[in-house]
Amino acid sequence: MNPYPRPPVHREPYGAPATATPPPVDPRELRRLRLSFATPAAVGVVGGYLLLILLSGFAPGLMATALWGHLTFGLALGLALFGALFLTAWRYHRHMRTRFDPLADALRAHRDRTGAERSKR
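The structure displayed is predicted, hence computed values, not measured ones. (Residues numbered from 1 in each chain as written. Predicted model: local features only at pLDDT ≥ 70, side-chain atom pairs only at ≥ 80, totals over all residues. Heavy atoms only, no water.)

Help me understand the packing of aromatic side chains in this model?
Where two aromatic rings form a pair, the distance of their centres and the angle of their planes describe that pair. Considering all chains together, one arrives at two aromatic pairs under this definition. An angle of 75° between the planes, with centres 5.0 Å apart, marks the rings of Phe82 and Phe86 as edge-to-face. Here Phe86 and Phe82 lie together in helix 3 (residues 73–120), a separation of four residues that amounts to about one turn. Residue classification places Phe86 among the exposed positions, given a relative accessible area of 52%. (Phe/Tyr/Trp six-rings, centres within 6.5 Å; stacked < 30°, edge-to-face > 60°. Helix = DSSP H or I, 4+ residues; strand = E, 2+ residues; numbered from the N terminus. Buried < 20%, exposed > 50% of the residue type's maximum accessible area, 1.4 Å probe, protein only.)

This is the structure we're talking about:
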């Protein structure tokens, strides 16, 4: 045990000293921004696959309905879900690049800047 303990330092949220400038964006805002897109997208894609499985089990006649040549309704639904998955991944990537990444870069720059200021002390 240290016989000469250091006095407690008042700290602001996120571990920054009270004299530091506040971060440009709240990290909770970054989490909210990510989850506001990812959660509905994941529920939609997983729900679509669940619908495909349920229809295959409970409505085999509907799934075997020929649409065009050998293309059945079930096969068309499966291909549509495959396309929806790639469309969702592309939209998520675009959402993160345009809305999330600039805020994360600003927060990262603030962290690096305040870290450099602390190391000068």
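Even after reading the chapter, I still don't get the nonpolar core, so can you show me in this structure?
Considering soluble globular proteins, one finds that nonpolar side chains tend to be buried as a cluster. Val25, Leu30, Leu33, Met96, Phe100, Ala104 and Leu107 together form the largest nonpolar core, which totals seven residues. Of all the secondary structure elements, the ones that give two or more residues to this core are helix 1 (27–58) and helix 3. Considering every element that reaches this core, the biggest residue donor is helix 3, with four residues. Each residue touching Leu33, except ones within four places of it in the same chain, is listed here: His95, Arg99, Phe100 and Leu103. (Core = buried A, V, L, I, M, F, W, Y, C linked by side-chain atoms within 4.5 Å. Contact = heavy atoms within 4.5 Å.)

What should I look at first to understand a positive patch on the surface in this one?
A contiguous patch of positive charge on the surface is contributed by Arg91, Arg94, Arg97 and Arg99. On the secondary structure map, Arg91 appears in helix 3. (Patch = residues over 30% accessible without salt bridge, like charges linked within 9 Å, V, L, I, M, F, W, Y side chains within 5 Å. Areas by Shrake-Rupley, 256 points an atom, 1.4 Å probe, with all protein chains shown as cover. Salt bridge = Lys/Arg side-chain N within 4 Å of Asp/Glu carboxyl O. Lys, Arg positive; Asp, Glu negative; His and termini not counted. Charge placed at Lys NZ, Arg CZ, Asp CG, Glu CD.)

Honestly, the side chain of His95 in this entry has me stumped. Any pointers?
Looking at the element boundaries, His95 is found in helix 3. Other than its neighbours up to four places away in sequence, His95 contacts Leu33, Phe37 and Phe100.

Would you mind showing me how to read helix 1 here?
Think of an α-helix as turning once every 3.6 residues; residues three or four places apart then point the same way. Here helix 1 is 32 residues long and its end C-alpha atoms lie 45 Å apart, about the 46 Å a rise of 1.5 Å per residue gives. Largest kink in helix 1: about 30°, centred on Leu35. Along helix 1, the positions that sit buried rather than exposed are Leu30, Leu33, Phe37, Ala41, Val45, Gly48 and Leu52. (Expected span 1.5 Å × (residues − 1). Bend = angle between axes of the 7 residues up to and from the residue.)

For this particular structure, what's the right way to read the environment of Glu29?
As for its placement among the helices and strands, Glu29 is situated in helix 1. Distance from Glu29 to Leu103, taken between C-alpha atoms, is 9.2 Å for residues 74 residues apart in sequence. At 2.7 Å, the side chain of Glu29 and the side chain of Arg32 are in polar contact. (Polar contact = N/O pair within 3.5 Å; in protein donor to acceptor, adjacent residues only side chain to side chain.)

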